[in-house]
Amino acid sequence: MLNTVSGNVSAIATSLRQYLPFSSQQDLDITSYYRNHVAAITGAGSGMGRELAIHLAKMGCHVALSDINAEQLAQTKDLLVSYDVKVTTTVLDVSDNKAVEAWADSVMAEHGKVNFIFNNAGVALYSSVEGSSISELEWVMDINFWGVVYGTKAFLPLIKNSVKESEKENGHIINISSLFGLTAQPSQSAYNASKFAVRGFTESLRQELDIQRCGVSATCIHPGGIKTNIANSARGNDSISDLGMRSGRKAISSFNKFLKFDASAAAWIILQAAATNQPRCLIGSDAKMIDAVQRVFPARYSKVLNDVNKLSRQLKGKKRAKTANRKAAIVN
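Residues numbered from 1 in each chain as written. Predicted model: local features only at pLDDT ≥ 70, side-chain atom pairs only at ≥ 80, totals over all residues. Heavy atoms only, no water.

> Residue-level account of the pairing of strand 6 (residues 171–176), with values.
Burial runs high along strand 6: six of the six residues are buried. A two-sided burial pattern is seen for strand 6, the buried positions comprising Gly171, Ile173 and Asn175 on one face and His172, Ile174 and Ile176 on the other. For strand 4 (residues 116–119) and strand 6, the ladder comprises four bridges, and the chain directions are parallel. Opposite Phe118, over in strand 6, you have Ile174 as the bridge partner. As paired elements, strand 6 and strand 7 (residues 216–223) share six bridges and run parallel to each other. The residue of strand 7 that forms the bridge with Gly171 is Val216. Each parallel crossover has a hand, and for strand 6 linked through helix 8 (residues 189–212) to strand 7 it is right-handed. (Buried < 20%, exposed > 50% of the residue type's maximum accessible area, 1.4 Å probe, protein only. Helix = DSSP H or I, 4+ residues; strand = E, 2+ residues; numbered from the N terminus. Pairing = 2+ DSSP bridges. Right-handed = clockwise from strand over helix to strand, strands pointing away.)

> Lay out the packing of helix 3 (residues 47–58) against helix 10 (residues 263–275) with the relevant residues and their values.
Between helix 3 and helix 10, whose axes approach to 8 Å, the crossing angle comes to 60°. In the crossing of helix 3 with helix 10, the sense of the turn from one axis to the other is right-handed. Facing Gly47, Met48, Glu51, Leu52, His55 and Leu56 of helix 3, the residues of helix 10 in contact are Ala263, Ser264, Ala266, Ala267, Trp268, Ile270 and Leu271. (Axes fitted to C-alpha atoms, helices over the stretch in contact; angles between N-to-C directions. Left-handed = near helix turned anticlockwise from the far one by under 90°. Contact = heavy atoms within 4.5 Å.)

> Which residues make up unusual backbone geometry, and what values do they have?
The phi angle of most residues is negative, glycine excepted, and most peptide bonds adopt the trans form. Here the phi dihedral of Asn36 falls at roughly 60°; this positive angle occurs in a residue that is not glycine. Structurally, Asn36 can be placed in the loop between helix 2 (31–34) and strand 1 (38–41). Although it is not a glycine, Arg213 adopts a positive phi angle of roughly 50°. Among the secondary structure elements, Arg213 is positioned in the loop between helix 8 and strand 7.

> How would you sum up the packing of aromatic side chains? Please name residues and give values.
By convention here, two paired aromatic rings are described through the distance between centres and the angle between planes. With the rule as written, the count across this model stands at eight aromatic pairs. Look at Trp103 and Phe155: their rings are 5.0 Å apart centre to centre, the planes differ by 70°, and that puts the pair in the edge-to-face class. Taken together, the positions of Trp103 in helix 5 (residues 97–111) and Phe155 in helix 7 (residues 146–165) put the pair 52 residues apart, joining distant regions of the chain. Overall, Trp103 belongs to the buried group, its relative accessible area being 3%. An aromatic cluster is built from Phe145, Trp146, Tyr150 and Phe201, whose rings are joined through pairwise contacts. Here the guanidinium or amino end of Arg235 rests over the ring plane of Trp139, the centre of that ring lying 3.8 Å away. (Phe/Tyr/Trp six-rings, centres within 6.5 Å; stacked < 30°, edge-to-face > 60°. Lys NZ or Arg CZ within 6 Å of the ring centre and 35° of its normal.)

> Go over helix 11 (residues 285–296), please, and point to the residues and values.
If you check helix 11, its first and last C-alpha atoms are 16 Å apart, about what twelve residues at 1.5 Å a residue would give, namely 16 Å. Residues of helix 11 that are buried include every one of Ala287, Lys288, Ile290, Asp291, Ala292 and Val293, and no others. (Expected span 1.5 Å × (residues − 1).)

Put into structure tokens, the structure is as follows:
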């Protein structure tokens, strides 16, 4: 079995080498795409949202920032004081459609135009399907999916008008899905559902914008494990213990171990993806490999990934055993 799994992984990496650029993408000069434009960002109080704001400000892009956490939002604004750009902030619950619409109107009133919307705000829930309540499912969908829909709907006509008024204006909608918008995982049914929905919504939107040739496009972002606060703010319950998984603080601790990719580097990749009009952007080798496995084994990817994980644990166990034996031999 182990030889079979190892062979499968090798075959995947070989046949899809051109699709799996595990090395970092070479930096592109994208300053001109963003300079003197206006970007709106949800979830800008921390993580990728904050890093997007910093990168954009460095390139001379004015920013309209929103977050549900007023204190963290203020901290992000303070980080931008040295840049020669206009920064506005709004405390916002993206699950409130009217509030999002009002924010979009205020961005136009304060900045005079808007070119980009980064629908970045998101939350996580760990629970089995059976153990999750309807209110928990609604909480995730209201923020992760409907928040993206509200942001897109509120800003799209404004972005179109801004682009239409000048040939020098660029326009783009950037929606954050996830690695879990490509493959499903146990204990993540609500999160999976919301992120799969973002993917379908954004891909359909992009096709419509391409047909319209309006100068505005859309990109769907699929990050892997990014170092953000999403694990610490996640909700969950003990139902996942029935799946043999840790719950409570142990679940959050395990989740945080998965979050390894630097948020600043992830934000820069997102900005490059939008500037080069990529339809889809995968961030991190974990997202790229798992997406490739899903493409090669669409009906069996979960089994293949489980087999690979088992192989990895066995190899790590053997390595630890060898290390322990070596130390014991030295002592003796």
